[in-house]
Amino acid sequence: MRLFLGILAVVASAAAQAALSGISPRWATFFDLPLVVVIYYAIAKGPNGALLAGTSAGLLQDSLEGTLLGVSALSKSLVGYLVGMVGLRFALAPVMSRVLVLAAATVLSRSIEVGTLAIMGRRLAYSPYPTMITTMLGNCLLAAMTYGALRREAPE
Amino acid sequence: MLHFLRDRRSAVLLMVVAASLFVLMAVQVHQSGPVGSEGFLLRLASPLLRGAAAVTGSLSGVWNDYVDLRGTRRRNESLEDEVTRLRLELQKLEEARLQNDRLRTLLDLKDGMGVPSVAAAVISNNSLGLTHTLLLDRGELSGLRPNMPVVSSMGVVGRVWTVSPRVAKVQLITDAQAGTAVLVQRTRVQAILVGTGSDTCSLQYVSTLEEIAEGDLLVTSGQDGIYPKGLPVGVVSRLGQGRGILRSIAVTPRADFRKLEEVLVMLRGDIPLPEAPAPPAASAAPQGASAGDPR
């Protein structure tokens, strides 16, 4: 059941991100919903679960958004794995610490995407850094609301 | 070796995944197009994507409707404010137009009189009180003196009764103590018009033998030494039998005192100031008939 819910959350977040882009591309830049889900799983389930969640969420996101397939998957799997490892060594129970980890993860994930695209010889149409900051802020806001609510709902 | 890999299963998994993804990306770059797995993933996610799009589309619709409604309300309020402001402006303009008309009429009257005069605004109207008086915003400093005639575009209003430096009190011809020497324009019959304290005046000392009819216009005769000859005063509105040889005649003043806003004071310097009301002559046309004290 938990696995099913996890898969559903990953797929739903990717679909919601794509749908949000369809409605308002500007608003979509404020969030990276699959990353929020991946980081939650990374903290809750550890690096292996985060790796799978990040890979699958990133592949879905890439296929739905039309970017180079694998870019988001690579960044999310790497970041998810890293956060999962950090979660094993440090206590990330407080919501605020999770939010801060998500902020760092957002920056890292976007940096990996930019770097990967550069390695693959793809030029960026615009500077990613302003978007990176807005995405980080949006993700943190969303995480502050959802992580707290999820913790109350299912205390670990 | 196997032991090493088992210990670092997560790291190995990560490396495998990362390498696979790199290969996937490299293939795409090399092919310059999508790979087959992309179509599969798209098919997999499309039902969810459609569902999410439908939900978000509905939410977006609701939100847009809400925003539109708020915008419409704001616009409505703004338009209502503007309508109110424009109505007030229109009222002001209409008021200005009416005042302009009145002042123009007054100016025409002033030009036609051939007598120096001063326009004054009515600042207090007591035409329905015990004493029928007006207060004007002009006084001694504007040249006003007691007993100067006060007229409007419609006819005689009354006379200046008392003056202060900046304000003057006017006794209306309808005041119970007022008297005006008049003549019937059509038949030239002379008489005295006295106020009754109501809306109408009474024409006195008119014999039953004199020819007079309802609707006849009365004008000042100039015999009272206050009003110059020929100013319209009022219209005969009702003929009664009266007592003996004198008729009872009601006269409605031409000017509507309740609606007076501006008047003209005729600056006549040679007006005698009667000390007391002249005693009414019972038979003849009055000579020097004047008003009494409205107090």
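Please refer to the structure higher up on the page.
What you are looking at is a predicted structure, and each value in this text was computed from that prediction instead of being measured.

Some details on the overall build of chain A
Item 1. Helix and strand counts for chain A come out as seven helices and zero strands.
Item 2. Along chain A, helices (α) and strands (β) appear in the sequence α-α-α-α-α-α-α when read from the amino end.
Item 3. Scored against the burial criterion, the 156 residues of chain A give a buried share of 47%.
Item 4. Looking at chain A alone, contacts between residues at least 24 apart form 69% of all its contacts between residues at least 6 apart.

Some remarks on helix α6 (residues 95-119) of chain A
All names here are of chain A.
Item 1. For α6, which comprises 25 residues, the first-to-last C-alpha distance of 35 Å matches the rise-based estimate of 36 Å (1.5 Å per residue) to within 8%.
Item 2. Residues Arg-98, Val-101, Leu-102, Ala-105, Thr-106, Ser-109, Arg-110, Glu-113 and Thr-116 constitute the buried set of α6.
Item 3. Positioned one or two residues after α6, Gly-121 has a phi angle of 75 degrees, which is positive.

Quick look at the sheet that holds strand β7 (residues 190-195) of chain B
Strand pairing in a sheet takes place through backbone hydrogen bonds and is either antiparallel or parallel in direction.
Residues and elements named next belong to chain B.
Item 1. In spatial order, the strands read β6-β7-β8-β11-β10-β9; together these six strands close into a barrel with antiparallel pairing. When strand polarity is set aside, the average angle formed by the axes of neighbouring strands in this sheet is 40 degrees.
Item 2. As judged from the six bridges shared by strand β10 (residues 232-240) and strand β11 (residues 248-253), these two strands associate in the antiparallel manner. Bridging across to β11, Arg-238 finds its partner in Ala-250.

Quick look at the interface of chain B and chain A
Item 1. Taken together, the contact pairs 22 residues of chain B with 29 residues of chain A.
Item 2. Only α2 (9-31) and α3 (36-113) of chain B provide two or more residues apiece to the side of chain B that touches chain A.
Item 3. Of the residues contributing to the side of chain B that touches chain A, the split by class is 16 nonpolar, five polar and one charged.

Some words on the packing of helix α1 (residues 2-23) of chain A against helix α4 (residues 47-65) of chain A
Relative orientation and spacing of two packed helices are given, respectively, by the angle between their axes and the distance between those axes.
Residue and element names in this part refer to chain A.
Item 1. Across the interface, α1 lies against α4 with an axial gap of 9 Å and an inter-helix angle of 25 degrees. The orientation of α1 with respect to α4, classified from their angle, is roughly parallel. As α1 runs across α4, the sense of the crossing is right-handed. Each of Gly-6, Val-10, Val-11, Ser-13, Ala-14, Gln-17, Ala-18 and Ser-21 in α1 lies in contact with α4, whose residues at this interface are Ala-53, Ser-56, Ala-57, Leu-60, Gln-61, Leu-64 and Glu-65.
Item 2. Within the contact of α1 with α4, the residues separate by chemical class into eight nonpolar, six polar and one charged.

With respect to the pairing of β7(B)
Residue and element names in this part refer to chain B.
Item 1. With five of six residues buried, β7 lies mostly within the body of the structure.
Item 2. Of the strand pairs in this sheet, strand β6 (residues 179-184) and β7 are connected by five bridges, and their pairing is antiparallel. From the neighbouring strand, Val-182 faces β7, where its bridge partner is Ala-191.
Item 3. Both β7 and strand β8 (residues 201-204) contribute to a ladder of four bridges, which runs antiparallel. Across the sheet, residue Val-194 finds its bridge partner in β8, namely Ser-202.
Item 4. Hairpin connection of β7 to β8: five residues between the antiparallel strands, including Gly-197 at a positive phi of 80 degrees.

Quick look at the sheet that holds strand β2 (residues 133-136) of chain B
Residues and elements named next belong to chain B.
Item 1. Read around the closed barrel, six strands run β1-β2-β5-β4-β3-β12, paired in antiparallel fashion. Neighbour-to-neighbour, the strand axes of the sheet open up by a mean angle of 40 degrees, direction not taken into account.
Item 2. The pairing of β2 with strand β5 (residues 168-172) spans four bridges and is classified as antiparallel. Considered in β5, the bridge of Thr-133 is made with Gln-171.

Focus: the packing of helix α3 (residues 33-45) of chain A against α6(A)
All names here are of chain A.
Item 1. Two numbers describe how α3 lies on α6: the axes approach to 10 Å, and their chain directions differ by 125 degrees. Considering the angle they form, α3 stands oblique to α6. Along this stretch, α3 crosses α6, giving a crossing that reads as right-handed. Facing α3, whose interface residues are Leu-35, Val-36, Ile-39 and Ile-43, α6 presents Arg-98, Val-101, Leu-102, Ala-105, Thr-106 and Ser-109.
Item 2. Its residues placed into classes, the contact of α3 with α6 shows seven nonpolar, two polar and one charged.

Describing the nonpolar core
Item 1. Within the largest apolar cluster, 49 residues are counted, with the highest numbers of intra-cluster contacts made by A:Val37, A:Val38, A:Ile39 and A:Val83.
Item 2. Broken down by element, the residue count for this core peaks at 11 residues, all from α3(A).
Item 3. In this structure, A:Ile39 is in contact with A:Gly80, A:Val83, A:Val101, A:Leu102 and A:Ala105, ignoring residues within four places of it in sequence.
Item 4. Counting residues in each nonpolar core, the second largest holds 47 residues, with B:Met148, B:Val170, B:Cys201 and B:Val236 among its members.

Cut-offs used in this document
Residues numbered from 1 in each chain as written. Chains lettered and ligands numbered in written order. Predicted model: local features only at pLDDT ≥ 70, side-chain atom pairs only at ≥ 80, totals over all residues. Helix = DSSP H or I, 4+ residues; strand = E, 2+ residues; numbered from the N terminus. Buried ≥ 20, exposed ≤ 12 C-beta atoms within 10 Å, placed from the backbone. Contact = placed C-beta atoms within 7 Å. Expected span 1.5 Å × (residues − 1). Pairing = 2+ DSSP bridges. Axes fitted to C-alpha atoms, helices over the stretch in contact; angles between N-to-C directions. Nonpolar A, V, L, I, M, F, W, Y, C, P; charged D, E, K, R; others polar. Parallel < 35°, antiparallel > 145°, perpendicular 65-115°, else oblique. Left-handed = near helix turned anticlockwise from the far one by under 90°. Core = buried A, V, L, I, M, F, W, Y, C linked by C-beta atoms within 7 Å.

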